Amino acid sequence: MSLTDSTATEIAKTASIASRLLATLAGAERNDALTALHEAILNSRDDILAANSRDVAAAERAVEAGILNQSVLKRLDLSRPGKFEDMLQGILSVRDLKDPVGNVTLRTLLDDGLTLEKVSCPIGVLLIIFEARPEVIANIAALAIKSGNAAILKAGGKESNESFITISKVISEAIARTQVPKSSIQLVQTREAVSSLLAENTYIDLVIPRGSKDLVRFVQENTKIPVLGHADGICSSYIHLDADLDIAVKVIVDSKTDYPAACNSLETLLVHEEVLESILPAVAEALLAKGVALRCDQPSKVALLSRIAATQRPLIQDAIESDYETEFLDLVLAVKTVPRDSANRTSLDFAIDHINTHSSKHTDMIITRSRTAAERFMNSVDSAGVFWNASTRFADGMRYGFGTEVGISTNKIHSRGPVGLDGLTIYKYKVRGQGQMAWDYSAGGGGRGWRHEALPL
């Protein structure tokens, strides 16, 4: 990794050259680099945490001054229990995964002496623009190296500046001792570089923005380079009329309170009208005990006010329509009632329609005992993740077994959901022949026929 203040064209061109060299390295050589990366970060833990503490202190002052969101502060802090260890484990998990490069997924005998293969290969050069999370730099470096891609990293804000600089120097020194080209991973510091880099569609193959919806939308609107990412994480849960109470309480509380600032935390709770007085109060009590404010529609508010202790009632508030399209990233949850079946549509239809209309297509779940209802929900909800009786917090690359992730995608092309190694590879077709010509297979030429036989992989 190199810290650079070169021009955008120089940065992108250097990364493109490095990507070609990186793509030719053996899997063992790329894995050796990840081992070195892990050891370097582990040995530099004190220096990294010291730098991070300076960032956190500055961010705390900014939060107190009202110029920085509390959720950004939470994402910034590497000293939170398990966060540094997760960063280290993410590197090893990526290292130990199967090599994603060079896998043959199709092999066809076109004709005697003429074969076709579909082979996985790196995308090329990635531009990752991110905010606040300093562990991202290690995660992306590991994923890029393992998948054979060069990466240009640009912090979208100054909140993590000390952390990024310290981690980047550690990674740079580690990579310099391996076969991986040093310029495979570059950290860009100048704020002015973003717009210039977004114009480098000749050398940069994919942009991955990680941060606020404003950042993502800015990137999407200011580049011709393909963009992989999501603007919001508006995750919803629907409590069906036959939901198990214990499962509902556990899963919803975990989805909302495990890490409220995460994009996979729960933001909207849909509740079937028939369980407003049975399941919802127990769920609400557990959420209120954790300090969650519930922004309720009128039926759910009425059902709760008569059953919730007076000391907790200030946390039960009136919802407005925009609450159902808001990513709170905090201890706030919008609650809406799902009506009973009618002649025109079922309660399940209502829940599915609401989610498809208001969600950000990130992760949504249903709580029900019915396999039929669950499968219909999961087949009908148009989101990257659809869960049954499981916390939305499982929408994560490490929890999916991807080692770690470069981001979450709500796109419908190439890669969707948590993007790990497979999402950072594409494919190419390789044809091996012995001098054959297309003319040989035309009606006016040799008249040869195709065999098109599947060959073993």
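Residues numbered from 1 in each chain as written. Predicted model: local features only at pLDDT ≥ 70, side-chain atom pairs only at ≥ 80, totals over all residues. Heavy atoms only, no water.

## Describing the overall build of the protein chain
On a plain count of helices and strands, the protein chain comes out with 14 helices and 18 strands. Whereas a compact globule of 457 residues would reach a radius of gyration of roughly 23 Å, the protein chain reaches 25 Å, a difference of no more than 12%. The buried share among the 457 residues of the protein chain stands at 54%. Pairs at least 24 residues apart make up 73% of the contacts formed inside the protein chain by residues separated by at least 6 positions. In the protein chain, which carries 49 positive and 57 negative side-chain charges, the distance between the mean positions of the two groups comes to 2 Å. (Helix = DSSP H or I, 4+ residues; strand = E, 2+ residues; numbered from the N terminus. Rg over C-alpha atoms; globule rule 2.2 N^0.38 Å. Buried < 20%, exposed > 50% of the residue type's maximum accessible area, 1.4 Å probe, protein only. Contact = heavy atoms within 4.5 Å. Lys, Arg positive; Asp, Glu negative; His and termini not counted. Charge placed at Lys NZ, Arg CZ, Asp CG, Glu CD.)

## Some details on the packing of helix 5 (residues 83-95) against helix 6 (residues 136-147)
With their axes 9 Å apart at the nearest point, helix 5 and helix 6 run at an angle of 5° to one another. Between helix 5 and helix 6, the angle is such that the two are roughly parallel. Here helix 5 contributes Met-87, Ile-91, Val-94 and Arg-95 to the contact with helix 6, which in turn contributes Ala-138, Asn-139, Ala-142, Leu-143 and Lys-146. Split by residue class, the contact of helix 5 with helix 6 holds six nonpolar, one polar and two charged. (Axes fitted to C-alpha atoms, helices over the stretch in contact; angles between N-to-C directions. Parallel < 35°, antiparallel > 145°, perpendicular 65-115°, else oblique. Nonpolar A, V, L, I, M, F, W, Y, C, P; charged D, E, K, R; others polar.)

## Concerning the packing of aromatic side chains
This structure, assessed with the given rule, holds four aromatic pairs. Residues Tyr-400 and Phe-402 carry aromatic rings whose centres are separated by 5.6 Å and whose planes lie at 85° to one another, so their mutual orientation is edge-to-face. Relative to Trp-450, the ring of Tyr-441 lies with its centre 4.1 Å away and its plane at 10°, an arrangement referred to as stacked. Geometry around Tyr-259 places Arg-80 over its ring, the cationic atom sitting 4.4 Å from the centre. Taking the ring centre of Tyr-427 as reference, the NZ or CZ of Lys-118 above it sits at 4.2 Å. (Phe/Tyr/Trp six-rings, centres within 6.5 Å; stacked < 30°, edge-to-face > 60°. Lys NZ or Arg CZ within 6 Å of the ring centre and 35° of its normal.)

## Structural notes on helix 2 (residues 27-43)
In an α-helix there are 3.6 residues to a turn, and that puts residues three or four apart on one side. With 17 residues, helix 2 extends 25 Å between its outermost C-alpha atoms, agreeing within 8% with the 24 Å of an ideal straight helix rising 1.5 Å per residue. Among the residues of helix 2, those classed as buried are Arg-30, Ala-33, Leu-34, Ala-36, Leu-37, His-38, Ala-40 and Ile-41. Each element contacted by the buried residues of helix 2 is listed here: helix 1 (8-23), helix 3 (45-64), helix 5, helix 6 and helix 7 (161-176). (Expected span 1.5 Å × (residues − 1).)

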